[in-house]
Every structure is written in C-alpha cells, then in structure tokens.
Amino acid sequence: MTIKIINKSQHELPNYETIASAGMDLRANLEAPITLKSLERTIVKTGLFIELPIGFEAQVRPRSGLAAKKGITVLNAPGTVDADYRGEIGVILVNLSSEDFTIENGERIAQLIIAKHERAEWMAVETLSETSRGEGGFGSTGVK
C-alpha cells in the first residue's frame, strides 16, 4: 500500500524497524524540549501530514518500552487519524510516573499502525439473539 505523506520535520519518514513490525515509530518534532511533570499531558507534534485511502485509519499507539520504563503513554490510545484528516499528526502524551520526563526533538514517542476498517449500518430491532454469556459484562467471564 502506498500512502501520500508530507514531512515538515527534520526527521526521516516513519519506517518499520523489522520485517514483522506492525507499527512505525513517530518522532517528536520540537523546537525545544518539553518536560512533562507527573500526571501532565501535552500534544506533541510530528511534522507529518498524510492522505489515507478511504476505508483505512492510522492508529496512534503507545510505545511499549516508553510506557513500561518511563510511564509515558498515549492518552487516547489508540488515537485515530481518519482518512479525511489533512492536518498535522499530533500525539497526546501523558506522564503516569511520579518523575518528570523530558521529550527531546527526534525522540520516538509513539507508533503508527495503518488499519483497514469497515463502516457499519445500524438495523433497529426489538430483540437480539441469545448467547450463553447473555448480559454478563465487566469481569463476568471470570478472573482466571
């Protein structure tokens, strides 16, 4: 699949790090470092603008290493970039650790995954088919 992209950052285009990688790393495009205090959030710009085909979305997800080691994650994970959006891709980062975290220009802050999606049509009905789970919700299937 080929996707049109404008790169207004000083960094290379996102790319897959391995042959089996699902996501491409997004890098911070900053004029100056940003320090996130504990529980602070900010939108970090990437300098990237994309044109996705209809029927696809770009999902902005946390980087597992940054989340596990530093407590930095994507607040609305996964964030969605719709096919008709033409603005700059921004990443909403939050610091869930107890320590300050400084984001540097060019730092890998999130990953981008291109995913196909379907559009649904609702069919209003009076009843739904029965299942063994029924109305069992949060935690209803057990803990082990």
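Residues numbered from 1 in each chain as written. Predicted model: local features only at pLDDT ≥ 70, side-chain atom pairs only at ≥ 80, totals over all residues. Heavy atoms only, no water.

Draft legend 1. Layout of the sheet that holds strand S6 (residues 56-61). Spatially, S2-S11-S6-S8 is the arrangement adopted by the four strands of the open sheet, whose pairing is antiparallel. The sheet is open, and its two edges are formed by strand S2 (24-27) and strand S8 (79-81), each paired on a single side. Averaged over all pairs of adjacent strands, the angle between strand axes in this sheet comes to 35 degrees, irrespective of strand direction. As defined by bridge partners, S6 adjoins strand S11 (residues 108-116) across six bridges and the pair is classed as antiparallel. Pairing of Val-60 across the sheet is with Leu-112, part of S11. (Pairing = 2+ DSSP bridges. Helix = DSSP H or I, 4+ residues; strand = E, 2+ residues; numbered from the N terminus. Axes fitted to C-alpha atoms, helices over the stretch in contact; angles between N-to-C directions.)

Draft legend 2. Summary view of the pattern of salt bridges. Per the stated rule, a full pass over the model turns up four salt bridges. Ionic pairing is found between Lys-4 and Glu-51, a salt bridge with its closest N-O pair at 3.9 Å. Within this pair, whereas Lys-4 is found in strand S1 (residues 4-7), its partner Glu-51 is found in strand S5 (residues 48-51), the two being separated by 47 residues in sequence. When its relative accessible area of 57% is taken as the criterion, Lys-4 is described as exposed. A salt bridge links Arg-63 to Asp-25; the shortest N-O distance between them is 3.3 Å. Remark: Asp-25 occurs in strand S2 and Arg-63 occurs in the loop between S6 and helix H1 (64-70); sequence separation between them is 38 residues. Where salt bridges share partners, they join Asp-25, Arg-63 and Arg-108 into one cluster. (Salt bridge = Lys/Arg side-chain N within 4 Å of Asp/Glu carboxyl O. Buried < 20%, exposed > 50% of the residue type's maximum accessible area, 1.4 Å probe, protein only.)

Draft legend 3. How the structure looks around the sheet that holds strand S7 (residues 72-74). Spatial strand order, S4-S9-S7: three strands in an open sheet with antiparallel pairing. The strands lining the two open edges of the sheet, one partner per strand, are strand S4 (41-45) and S7. Strand after strand, the sheet turns through a mean of 35 degrees between neighbouring axes, direction not considered. Here S7 pairs with strand S9 (residues 90-95) via three bridges, running antiparallel. Looking across to S9, one finds that Val-74 is bridged to Leu-93.

Draft legend 4. Highlighting the nonpolar core. Residues Leu-26, Val-60, Val-91, Leu-93, Ile-103 and Ile-109 are the most contacted members of the largest nonpolar core, which totals 23 residues. Elements represented by at least two residues in this core include exactly S5, S6, S7, S9, strand S10 (101-103) and S11. For this core, the element with the highest residue contribution is S11, accounting for three residues. If sequence neighbours within four positions are ignored, Val-60 has contacts with Leu-26, Val-74, Ala-77, Pro-78, Gly-79, Val-81, Ile-89, Val-91, Ala-110, Gln-111 and Leu-112. (Core = buried A, V, L, I, M, F, W, Y, C linked by side-chain atoms within 4.5 Å. Contact = heavy atoms within 4.5 Å.)

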